[in-house]
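Spelled out from the first residue to the last, the chains are:
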Protein chains: 2
Amino acid sequence: MSWGPGIARAARLAFEASQLLSPSERVTALHLIRDELAARKDDILLANARDMEAADAEVAAGRLSTSLVKRLDLRTGDKWDSMLQGVLDVANLPDPSGVVSYATELDDGLELFRVSCPIGVLLVIFEARPEVVVNIATLAIKSGNAAILKGGKESSRTASLLGETIQSALSKTSIPSAYIQTIQTREEVSSLLALDEYIDLVIPRGSNALVKNIQNSTRIPVMGHADGICHVYLDESADEETALRVVVDSKTDYPAACNAAETLIVHSSLLHTLWPKVASALVSRGVHLRCDGLTQTALSSAKISFAADQVTPSQGSDYDTEHLSLTMSVLTLPSLSDAIRHINSHSSHHTDSIVTENDASASMFCRGVDSAGTFVNASTRFADGFRYGFGTEVGISTGKIHARGPVGLEGLVIYKYMLKSKSGKGHIASEFGVGKKAFKHTPLHTDVPPYR
Amino acid sequence: MSWGPGIARAARLAFEASQLLSPSERVTALHLIRDELAARKDDILLANARDMEAADAEVAAGRLSTSLVKRLDLRTGDKWDSMLQGVLDVANLPDPSGVVSYATELDDGLELFRVSCPIGVLLVIFEARPEVVVNIATLAIKSGNAAILKGGKESSRTASLLGETIQSALSKTSIPSAYIQTIQTREEVSSLLALDEYIDLVIPRGSNALVKNIQNSTRIPVMGHADGICHVYLDESADEETALRVVVDSKTDYPAACNAAETLIVHSSLLHTLWPKVASALVSRGVHLRCDGLTQTALSSAKISFAADQVTPSQGSDYDTEHLSLTMSVLTLPSLSDAIRHINSHSSHHTDSIVTENDASASMFCRGVDSAGTFVNASTRFADGFRYGFGTEVGISTGKIHARGPVGLEGLVIYKYMLKSKSGKGHIASEFGVGKKAFKHTPLHTDVPPYR
């Protein structure tokens, strides 16, 4: 059972068996997992210490970055406690499955229901942070999906012990323990990516390169989070204080996040009025500006002095770059239409914001910008599952199929149609048609699925 | 503009421009298309006659099947009129975009809306029937998506004239005419499959081989319709009349359809009671039965006489075969659990039906069978977008991402989040957190999007 097909088949069978259990069983399992993790805390942190030692040696040898090692550490701050609390928080969210989204009577006694249900088997591939094993396992179990998890090799001791702990808790329930499996090697991932008869969805959480690489290697659907190249556009009618607040927050609140702004577009009417003030505010917070000719010249003529390296000329590639740091690309454009066209060509379709006092401009921006989030006078940093009120976040999808933007538990379910003949001697299609019975299609006002 | 990148880029720009138009413009366009088709009827049917002549020559040379040629013909029966009526029917359906599925107040004056919107650019690949050009163009325009259409080469004259007619009608609207484009060659398709920056979704309508081949050749998401290997399971408690009606209808109502049943599973308690009656009913309607040992022996001992070729022993592969004809694979199993396991292993996850008088069995079947449709005492033939009440059908998806089962216009939309700061000086994320403001997440009871 340790090689790709065995793992995938075991996951599929575990998923299928779990479909016959009450959804409450999954909530029970999450509580048991939390308790089992608490009971094995010392062992897990010891494994984590060993991963850290090995990683430190890699850093000393120059093969690993210090920042990656930091992300490995389960022992810092309240990381452990919040990991455990996260399990309970997700356990307490509403069940995303069993939700009726369409119900109609096709004929007397023939009722059709569209009912949300788990997708099946997920393959989730992520990088260093070992607590992601617990986060993803929790989301998968809550939403009713089996999952195969592959973490970074630097956290392999921690990740595999977390996986064992979860399986040990599952063994105390009716859910098969192969419901959650961890794997360690890239070879296993490659082997799994070919198994579309067992695996329904691949979720890569990591770099853009990882996502594209996986999309190129499988016909299994991929729910990937690619770059976050977010824009703020200052419209002709922008209010000064609003502009300063939204631009500064979008860029500086947490520059390493995918929802931080990377590019500022200034309407050309603002070049000598609002723009120098916005630039000063950004520079005073340590932001490096990469400016096009007009925005740079405007700063020179405004006679504001900056350190030489804080305002530099942009290159074309800056407008397609996710800086993930206190660097911002800037350009000016003569109209809202031009701004929309620029954003649609250069944005990663994640989140883009307009600062405007004009409702027609807001409307045009929100309809015209083809991104998961189109914001008005609000920081791009609000694009987040918790801030949106989902209670949790599976990831942020920049794709346009199935789920888009911040993805909550709803992104891990699909639906099936249940058709129930309640009366007579069954319902058959040949009784309908021209000169025969007609379909009623009477909406049923119910949120209760026929079977649960 | 005639090669892949040019076509795809033109489609993307047409889509983006269309987002700024009122949705009513798309309905106007559909009416104009219908009128333009009516005006050019003679020319189009002439092109169709030429396609037919060329196809007849291919048939004579043994390179094409007669049944394919029949599907080419736009002049038979009411095909032309119903194609034109279909345009108006879809025009009159509710707009699938602009639907609010989540609305919440994050903070005073900060409102979040999840609003359905078109996906973007579709690449639709289909086989012989030329009227599909009009069907798909209609669905794409109604749902707000640009589309690139590739039909079978046998219908190229008709398809390209239909495409020109649609573009000519679009040129009378504000919608760019590159919104709907037709292409002719496989080389163009290959080139387009690489262009994931322009194309959002590929919809292959055709054989399983076509779907798999496309899934293997692109990282663009694919909404494919694969085999329909549908099952009927006769539960221990099945009612005789219901069983006869449902099995016969599922198999014989239209055997070439993907929602026709291919395999019958008989509970072993019914081998000498219900099964011989069901077998007689099927055989009397010309069905050929491929039976496992027990079901065949049961027929022998029931002393029912059949023509020798109507009841033959099954081979293993029969249970993974979409016969698409009056042939049915039959097996017996000792329990409902076994039936569910067999279906989950051999079904194409399209539609499967149980005949039962036992509600617990119905519940177990509907929850345990991992298919787009799980039916109780109803023919598998009901699995259809029109019968489900969608007013139209984009296709039937056996995938488990985005859309599953019969797909209506809803399958051609996704959503975006619009976040609107309505008061104060804009909203910024750094004002929220521990010791600062908390998110309200108060549901907004509205179905009106902020911008439309």
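To be clear, the structure that these remarks concern was listed above.
Just so it is clear, the structure is predicted and the values come from calculations on it, not from any experiment. (Residues numbered from 1 in each chain as written. Chains lettered and ligands numbered in written order. Predicted model: local features only at pLDDT ≥ 70, side-chain atom pairs only at ≥ 80, totals over all residues. Heavy atoms only, no water.)

Attention shifts here to the overall build of chain A. When helices and strands are counted, chain A shows 15 helices and 17 strands. When the backbone C-alpha atoms are referred to their principal axes, chain A occupies close to 85 × 70 × 35 Å. Taking all 452 residues of chain A together, 60% fall into the buried category. Considering only contacts in chain A between residues 6 or more positions apart, those separated by 24 or more positions represent 73%. (Helix = DSSP H or I, 4+ residues; strand = E, 2+ residues; numbered from the N terminus. Buried < 20%, exposed > 50% of the residue type's maximum accessible area, 1.4 Å probe, protein only. Contact = heavy atoms within 4.5 Å.)

The next thing to look at is the relation of the copies chain B and chain A. The two copies are related by a screw operation: chain B maps onto chain A through 180° of rotation and 0.0 Å of translation along the axis, at an RMSD of 0.0 Å. Viewed as a symmetry operation, the transformation between the two copies matches a two-fold axis. Rotation axis and chain B: the residue whose C-alpha lies nearest the axis is His402 of chain B, separated from it by 1.9 Å. (Least-squares fit on C-alpha atoms with pLDDT ≥ 70 in both.)

Here we come to the sheet that holds strand S6 (residues 201-205) of chain A. Residue and element names in this part refer to chain A. In spatial order, the strands read S5-S4-S3-S6; together these four strands make up an open sheet with parallel pairing. The open sheet has two edge strands, strand S5 (180-183) and S6, and neither has a second partner. Neighbour-to-neighbour, the strand axes of this sheet turn through a mean angle of 20°, independent of strand direction. Across four bridges, strand S4 (residues 146-150) lies against S5 in parallel orientation. Paired with Ile148 across the bridge in S5 is Gln181. On the sheet, helix H9 (residues 208-216) packs against strand S3 (121-126) and S6 and is oriented at approximately 160° with respect to S6. (Pairing = 2+ DSSP bridges. Axes fitted to C-alpha atoms, helices over the stretch in contact; angles between N-to-C directions.)

Residues and elements named next belong to chain B. Checked against the element boundaries, Gly109 lands in the loop between strand S1 (100-107) and strand S2 (110-118). Residue Gly109 is classed as buried on the basis of its relative accessible area, which comes to 15%. Between the C-alpha atom of Gly109 and that of Lys422, which follows or precedes it by 313 residues, the distance is 4.9 Å. Beyond its immediate chain neighbours, meaning those up to four positions away, Gly109 contacts Lys420, Ser421, Lys422, Ser423 and His427.

Turning to the interface of chain B and chain A, a few remarks are in order. The interface is formed by 85 residues belonging to chain B together with 85 residues belonging to chain A. Summed over both sides, the interface between chain B and chain A buries roughly 7500 Å², with carbon and sulfur atoms accounting for 54% of that surface. The interface formed by chain B and chain A contains 14 salt bridges. Across the salt bridge formed by Asp239 of chain A and Lys425 of chain B, the nearest N and O atoms sit 3.1 Å from each other. The element contributing the most residues to the side of chain B that touches chain A is strand S16 (residues 413-421) of chain B, with eight residues. Considering only residue class, the side of chain B that touches chain A consists of 37 nonpolar, 23 polar and 25 charged. Here strand S13 (residues 373-376) of chain A runs beside S16 of chain B; their pairing, made up of four bridges, is parallel. Residue Thr374 of chain A lies in a different strand from S16 of chain B, and its bridge partner there is Met418 of chain B. (Buried area = accessible area lost by both parts, 1.4 Å probe. Salt bridge = Lys/Arg side-chain N within 4 Å of Asp/Glu carboxyl O. Nonpolar A, V, L, I, M, F, W, Y, C, P; charged D, E, K, R; others polar.)

Tallying each qualifying case throughout the model produces 16 aromatic pairs over all chains. With 4.8 Å between their ring centres and 45° between their planes, Tyr388 of chain A and Tyr417 of chain B make a pair best called tilted. Pair noted here: Tyr388 of chain A is in helix H15 (residues 385-388) and Tyr417 of chain B is in strand S16, and the two residues belong to different chains. For the pair shown, Tyr388 of chain A and Tyr417 of chain B are each scored as buried. Here the aromatic cluster, defined as three or more aromatic residues joined through ring pairs, consists of Tyr102, Tyr415 and Tyr417 of chain A together with Tyr388 and Phe390 of chain B. The positively charged end of Arg114 of chain A is found above the aromatic ring belonging to Tyr415 of chain A, 5.2 Å away from the centroid. (Phe/Tyr/Trp six-rings, centres within 6.5 Å; stacked < 30°, edge-to-face > 60°. Lys NZ or Arg CZ within 6 Å of the ring centre and 35° of its normal.)

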